[in-house]
Structures are given as C-alpha cells and as structure tokens.
Amino acid sequence: QVQLVESGGGLVQPGGSLRLSCATSRSIFSISRMAWYRQAPGKQRELVAQTTSGGSTNVVDSVKGRFTISRDNAKNTVYLQMNSLKPEDTAVYYCNANSWALNVWGQGTQVTVSS
C-alpha cells in the first residue's frame, strides 16, 4: 500500500522556486512527525526539515531562510516551499512519517536545479 505520496519536483533554474507536497492519511498524519529528507547521488540521505504533530517546525542551517516546511491538517498534507534554489539543492527529496507506531517513506521526487 502507498502511504505517502510526494509531488512537485522538477527542473528549475538557479534562483527559482518549487513547492513539494506529501499527502498521507489522517491516521498517519495526526500522530506523526513529518519530515523532508534529500539524497544526492553518492551522498548520504540528510534531513532537510521537519514538523511535529503539534505544529512546531525547523529546517537545517543549509536551507534556513530559503526553505519552509508547513502542514495542512485539513488535507493531511505536508509541504516544503523551496525558494532561491541553488545547484547544490539538486537531489531526490523524500517525505517521511515517524511515530512510535510507524516509520514510513515516500517514493521520492527529483529536484534538479540547473541553468
């Protein structure tokens, strides 16, 4: 069964913007820490941003001021708004849901930043 569905990736020029979406079920969304990770070829998967079921958010230093994570409880969806994109942001971006009861990954969506 598909539990997390990601969308919004694509090819964008440096300085451009994209918004990634991760849709899941209410049962997962209501109890989980939702997070975005990314993985470039040959690199370790790294945490980018996360938000708790209570609504707190944080992003890593490398994207601070450019990326924003948010969640829409009515739609059971988490977003990653990415502005001022740089070539080094190029990676496959993965959504993750984690709680005491589950640890679920999305299929990944490719983000390529290139002129």
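Scope of this entry: the structure provided in the associated data block. Computed from a prediction, not measured in an experiment: that's the story for all the values here.

Analysis parameters
Residues numbered from 1 in each chain as written. Predicted model: local features only at pLDDT ≥ 70, side-chain atom pairs only at ≥ 80, totals over all residues. Heavy atoms only, no water. Helix = DSSP H or I, 4+ residues; strand = E, 2+ residues; numbered from the N terminus. Buried < 20%, exposed > 50% of the residue type's maximum accessible area, 1.4 Å probe, protein only. Areas by Shrake-Rupley, 256 points an atom, 1.4 Å probe, with all protein chains shown as cover. Lys, Arg positive; Asp, Glu negative; His and termini not counted. Charge placed at Lys NZ, Arg CZ, Asp CG, Glu CD. Core = buried A, V, L, I, M, F, W, Y, C linked by side-chain atoms within 4.5 Å. Disulfide = S-S within 2.5 Å. Pairing = 2+ DSSP bridges. Phe/Tyr/Trp six-rings, centres within 6.5 Å; stacked < 30°, edge-to-face > 60°. Lys NZ or Arg CZ within 6 Å of the ring centre and 35° of its normal. Axes fitted to C-alpha atoms, helices over the stretch in contact; angles between N-to-C directions. Salt bridge = Lys/Arg side-chain N within 4 Å of Asp/Glu carboxyl O.

## Regarding the overall build of the chain
So, point 1. Of the regular secondary structure elements, the chain holds one helix and eleven strands.
So, point 2. The N-to-C order of helical and strand elements in the chain reads β-β-β-α-β-β-β-β-β-β-β-β.
So, point 3. Counting every position in the chain, which comprises 115 residues, the buried fraction comes to 43%.
So, point 4. On the chain, roughly 6100 Å² of surface is accessible, and the fraction owed to carbon and sulfur atoms is 47%.
So, point 5. For the chain, the separation between the mean place of its 11 positive charges and that of its 6 negative charges on side chains is 5 Å.

## Focus on the nonpolar core
So, point 1. Membership of the largest hydrophobic core comes to 27 residues, with the highest contact counts inside it found for Trp36, Leu80, Met82 and Tyr93.
So, point 2. The set of elements that each furnish at least two residues to this core consists of strand 3 (18-23), helix 1 (26-29), strand 4 (33-39), strand 5 (46-51), strand 7 (67-72), strand 8 (77-82), strand 9 (91-98) and strand 11 (109-113).
So, point 3. Among the elements that line this core, the one with the most residues is strand 9, at four residues.

## Here we look at the state of the cysteines
So, point 1. Applying the stated criterion to the full structure yields one disulfide.
So, point 2. Between the sulfur atoms of Cys22 and its disulfide partner Cys95 the distance amounts to 2.1 Å. Negative torsions about the S-S bond denote left-handed disulfides, and the value of about -85° found for Cys22 with Cys95 makes this one left-handed. Here the residue Cys22 occupies a position in strand 3, and Cys95 occupies one in strand 9, the gap between them amounting to 73 residues.
So, point 3. Relative accessible area serves as the criterion here: at 0%, Cys22 is assigned to the buried category.
So, point 4. What makes Cys95 buried here is its relative accessible area of 0%.

## Points about the pairing of strand 3
So, point 1. Pairing geometry for strand 1 (residues 5-7) and strand 3, over three bridges, is antiparallel. Residue Val5 lies in a different strand from strand 3, and its bridge partner there is Ala23.
So, point 2. Pairing of strand 3 with strand 8, which is carried by six bridges, proceeds in the antiparallel orientation. Directly across from Ala23, in strand 8, lies its bridge partner Thr77.

## Thoughts on the packing of aromatic side chains
So, point 1. One pass over the structure, following the stated rule, counts one aromatic pair.
So, point 2. A cation over an aromatic ring shows up here: Arg19 above the ring of Tyr79, its NZ or CZ 4.4 Å from the ring centre.
So, point 3. Over the ring of Tyr94 we find Arg45, and its NZ or CZ is 3.8 Å from the ring centre.

## Re the sheet that holds strand 3
So, point 1. The strand order across the open sheet built from four strands is 1-3-8-7, with neighbouring strands paired in antiparallel fashion. The sheet is open, and its two borders are formed by strand 1 and strand 7, each paired with just one other strand. The mean inter-strand angle of the sheet, taken between neighbouring strand axes irrespective of direction, is 15°.

## Observations regarding the pattern of salt bridges
So, point 1. Enumeration over the complete set of coordinates arrives at four salt bridges.
So, point 2. Notably, a salt bridge pairs Lys64 with Asp61, separated by 2.9 Å at the nearest N-O pair. Side by side, Lys64 and Asp61 carry an identical accessibility label, which is exposed.
So, point 3. Close ionic contact of Arg66 with Asp89 constitutes a salt bridge, the shortest N to O distance being 2.8 Å. One end of the pair, Arg66, is in the loop between strand 6 (57-59) and strand 7; the other, Asp89, is in the loop between strand 8 and strand 9, and 23 residues separate them in sequence.

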